[in-house]
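# A look at the structure
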Amino acid sequence: MPLFRRRKQEAAFSARTPDSALASDHELASDSTQAHLAAALVAIKDAKLGEDVWLEIERHLLSADLGVPTTHRLLESVKAEATSSAHALELLRQVLVNNLAASTSLSTEGSPAIWLVVGVNGVGKTTTIAKLAKRETDLGRRVVLAAADTFRAAATEQLQMWAERVGVSVVHGSEGSDPASVVFDAVEHAAANSADIVIADTAGRIHTKSNLMDEICKVRRVADKASGRVAEVLLVLDATNGQNGIAQASVFTEAVDVTGIVLTKLDGAGKGGIVLSVQHELGLPVKLIGVGEQITDIETFRPEQFVDALLSDAVLSDAVLSDAVLSEVSPMR
Amino acid sequence: MLSTLTSRFSQIFTRAGRRGRLKPDDIDEVLAEIREALIDADVNVDVVEKFCGAVRGECLTAELHQALNPTEQVIQIVRDQLIAILGGESFSVTYASKPPTVVLLAGLQGSGKTTNAVKLARWFVQQGRQPLLVGADLQRPAAVEQLRVLAGEISIPVYSEGRDPVRAASGGLKEAKRLGRDVLICDTAGRLSIDKEMMREVGRISKAISPQYTFFVLDAMGGQAAASVAESFHETLELDGIILTKLDSDARGGAVLSARETVGRPVAFASTGERLDDFELFHPDRMAGRILGKGDVLTLIEKTEEAFEKAEAEAAAERLIAGTYTLDDFLDQMRQIRKLGPLSGLLGRMPGMSGMEIDDNSSEQRLAHMEAIICSMTPMERFKPEIINNSRRQRIAQGSGTTTADVSKLIREFSNARKLMSSLGKAPRKAKPAKKGKKGGSRVTPKGTVSPKVANLPDVANLDFLWQTETT
Ligand SMILES: Nc1nc2c(ncn2[C@@H]2O[C@H](COP(=O)(O)OP(=O)(O)OP(=O)(O)O)[C@@H](O)[C@H]2O)c(=O)[nH]1
Ligand SMILES: Nc1nc2c(ncn2[C@@H]2O[C@H](COP(=O)(O)OP(=O)(O)OP(=O)(O)O)[C@@H](O)[C@H]2O)c(=O)[nH]1
Ligand SMILES: [Mg+2]
Ligand SMILES: [Mg+2]
């Protein structure tokens, strides 16, 4: 069974499985935010608002990878208005949500629409592409994959195995061939077969390597010249990673004009707080999140849900569940 | 980061005065800045608190050195403390008395386990061992295929079987014994620290093959969670060390401090790129500088003083002018340059040179190669490289794990360097060097004026060939 499902029953929110949630119905209805709060934050909720409370909140935000400048920036506005600790936490949640753009759907403009997926090594590009292919196929769209990671060992095989499971076709070159021409071929193949979307897998590249960044620029240029249209350039960020995400996002955006972020591995211990800085500094929205290794473990980004998980001790997939549970038992939410 | 820190510190301490002990309030003010610098470098907040507590204690008891200003002294304490945590005991292998020596790799998804399993195998081959790789990631699509392709590049056999990773691992152990391979390296699937079932699984793999060494593979770009993740893996597997990957990124790499502090085991290896030879033993001193950040002239000077023993450099210069500059001198100087840390960092600290682009990865690697080549030469060859003929060249290449082309190239570059150096040697000296061993004689004044010694440094930095990127 997928990890996602199993962990829902095991982790911090195990008390909120449907049966027990019904039993504690009134408690949830009376204070739905509390259900998400991290123990350390619950502990300060009724404390007198003062330096200790602010330090604890700051500590929590920093340990969610928001980074020093963003944490200070966001706390400033909360500090200006808060009248009590509980109020501070409420305001904080609101400020965090307001600082994240609600997700727009992925553009399918162009025939075919071309989606480039880029990012540093090992963040989850190939897996995300498999998930996207599945999602779009289920929506009735015809998808072609371009295996433009011609560098990493067995990268094409990995994508092919996923494609087989999903039932989509893959266009690939020989090992070491030019990634731009693989993308071009895939687009032309898709156009000839009137497919709707081409999703291009690219090799992981550290943004500081100028030759590899030149290469990805070329992929984009060539894709721009092919039939169809580059509709999305998705940068994959790993929620386990820290402050380097800002540098990744800014360099990739400069190189290939990123349209949105996919934040992966949110089912792990990392909170992905870096996306608040990325949103603020570059105006790049998170569009999708990855919550597991299985083909269906992808979701549209929802700021409230993300923030609730960020302020909790639980991983996001639990928050997803608890949301579902809460809406079942409490129509007020 | 550090450059702004340094100026902040100077302000604080100018006010605080220069004599006696560091005062608690001043220390706290400085530590507040250090704390932010470390969090920005991705060191876990709890680890930062602990670290700053230790530094505070050190600062309170440290007697102020007359020749040092207090800012320098605190930075020194911070750096020493960082190096102490990152370094501690260093890593060395003791081989199992009854082979094979078993090594297990574990870590989060995408951290670099598979790639580094093969890099490690290559390293063992260089130590004269015969490793067998075991693919026990039967989960991720094409994981075993990836292992096979990479291992194939350096002709190391790979074993894998079926669908059960525990059986595959123990099958691999039997196979290693059958084939008489003396090292077994087991690659495992990426797993989340909070995934109890998968953690139990890797625990079972470990039980099945009783590894001598279990390495936690950690991404240098990792964030705050690195501490808790490392802790979970340590609880399950009793780690013996850490392999730090993706150091070729520009991440400050504070995650390694979190993991190192939490786990209490040494960082054994550093992975600095995707290629199999982008792999080396870990250098705590370089990492400390990296976590604290670049752009700081003061750090450069301190490092320079430590690394670049003036007397040696001058002796070499004299031999150079006398025409007796040998490959031994060349090697010495190269080692000293390497001790200074990544070349880009080095240049980044030079006033006016931060714009220069350097690929640390390839230059580091080139330095390592050059060192290996020179070490494989006889004393006579080092003294008189002209005698290196074809058969000598072949022997040297074999001994150093390089090609004969690499050897020829180095010799060519050496003669170029000799030419370059002698032209520098003839140039009028800019300033008289400070006497060796006298600290404080060549510090940066609060305004950031550069001392004579710094002005001398470009002489070394000018050796272009050290960081020319090569595609070999
Ligand atoms: N837990 C979890 N694992 C993920 C997620 N997304 C990807 N992974 C895992 O992360 C690892 C790396 O994923 P890939 O899709 O190969 O990453 P990539 O970015 O294509 O990697 P390179 O092509 O090597 O740069 C695999 O083990 C995936 O199963 C996620 O959302 N959650
Ligand atoms: N730039 C860089 N890339 C690296 C380094 N080490 C590994 N990689 C890359 O990181 C990606 C992931 O590496 P893998 O070895 O597949 O990681 P893994 O831990 O085995 O991944 P899973 O098995 O999916 O959990 C690949 O693209 C590697 O080429 C490194 O030191 N630097
Ligand atoms: Mg990939
Ligand atoms: Mg792997």
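Conventions we followed
In this convention, every chain numbers its residues from 1, walking through the sequence in written order. The naming scheme follows written order: chains are lettered A onward, ligands numbered 1 onward. Reporting of local features is limited, given that this is a predicted model, to residues whose pLDDT is at least 70; pairs of side-chain atoms are given and counted only at 80 or more, and all residues count toward the totals for whole chains, interfaces and linings. The basis for every side-chain value is the complete set of heavy atoms in the structure, and neither hydrogens nor water enter the calculation. Categorising residues by exposure relies on relative accessible area from a 1.4 Å probe, with only protein chains included: less than 20% of the type maximum marks a residue as buried, more than 50% marks it as exposed, and the intermediate range marks it as partly exposed. Runs of E in the DSSP output that reach at least two residues are strands. Runs of H or I that reach at least four are helices, and both are numbered from the N terminus. Whether two strands pair depends on DSSP finding at least two bridges between them. Note on definitions: a residue-residue contact is assigned when non-hydrogen atoms from the two residues lie within 4.5 Å. Each axis is a line fitted through C-alpha atoms, and for a helix only the stretch in contact is used; angles between axes span 0 to 180 degrees, taken between their N-to-C directions. The term salt bridge refers to a side-chain nitrogen of Lys or Arg lying within 4 Å of a carboxyl oxygen of Asp or Glu. Domain boundaries shown here were taken from an automatic or database domain assignment. What gets called buried area is simply the loss in accessible area from a 1.4 Å probe that two parts show on being joined, summed for both.

### So, the pairing of strand β1 (residues 101-107) of chain B
For a regular strand, the rule is simple: side chains alternate between the two faces of the sheet. All names here are of chain B. Extensive coverage of β1 is indicated by the burial of 7 of its 7 residues. Of the two faces of β1, the one carrying Thr101, Val103, Leu105 and Gly107 and the one carrying Val102, Leu104 and Ala106 are both buried. Of the strand pairs in this sheet, β1 and strand β4 (residues 183-188) are connected by 4 bridges, and their pairing is parallel. Bridge assignment links Thr101 to a residue of β4, and that residue is Val183. One ladder, built from 5 bridges, connects β1 with strand β5 (residues 213-219); its direction is parallel. In the sheet register, Ala106 faces β5, and the bridge partner there is Phe216.

### A few points about the sheet that holds β1(B)
Residue and element names in this part refer to chain B. An order of β3-β2-β4-β1-β5-β6-β7-β8 is seen for the 8 strands of this open sheet, with the pairing classed as mixed. Two strands lie at the open edges of the sheet, namely β3 (158-159) and β8 (279-281), each paired on one side alone. Where helix α7 (residues 165-179) meets the sheet, it contacts β1, β2 (131-136), β3 and β4, and its direction lies at approximately 165° from that of β2. Taken strand by strand, helix α10 (residues 255-263) contacts β5, β6 (241-245) and β7 (267-271), and its axis lies near 150° from that of β5.

### Section: the pattern of salt bridges
Residue and element names in this part refer to chain A. Summed over all chains, the structure comprises 23 salt bridges over all chains. Between Asp308 and Arg93 there is a salt bridge whose closest N-O contact spans 2.6 Å. With Asp308 in helix α14 (residues 303-310) and Arg93 in helix α7 (residues 85-98), this residue pair connects regions lying 215 residues apart in the sequence. What makes Asp308 buried here is its relative accessible area of 2%. Judged by its relative accessible area of 16%, Arg93 falls in the buried class.

### Structural notes on the domain arrangement of chain B
All names here are of chain B. Each domain of chain B was delimited in the assignment, giving domain 1 (3-86), domain 2 (101-294) and domain 3 (303-428 + 448-471). Between domain 1 and domain 2, the residue contacts involve 17 residues of the former and 23 residues of the latter. For the pair domain 1 and domain 2, the two sides together bury roughly 1800 Å², of which 66% comes from carbon and sulfur. Broken down residue by residue, the surface that domain 1 buries against domain 2 is led by Asp42, Ile85 and Leu86, which jointly contribute 36%. Taken together, domain 1 and domain 2 are joined by 1 salt bridge. For the salt bridge of Glu261 with Lys50, the shortest nitrogen-to-oxygen distance reads 2.6 Å.

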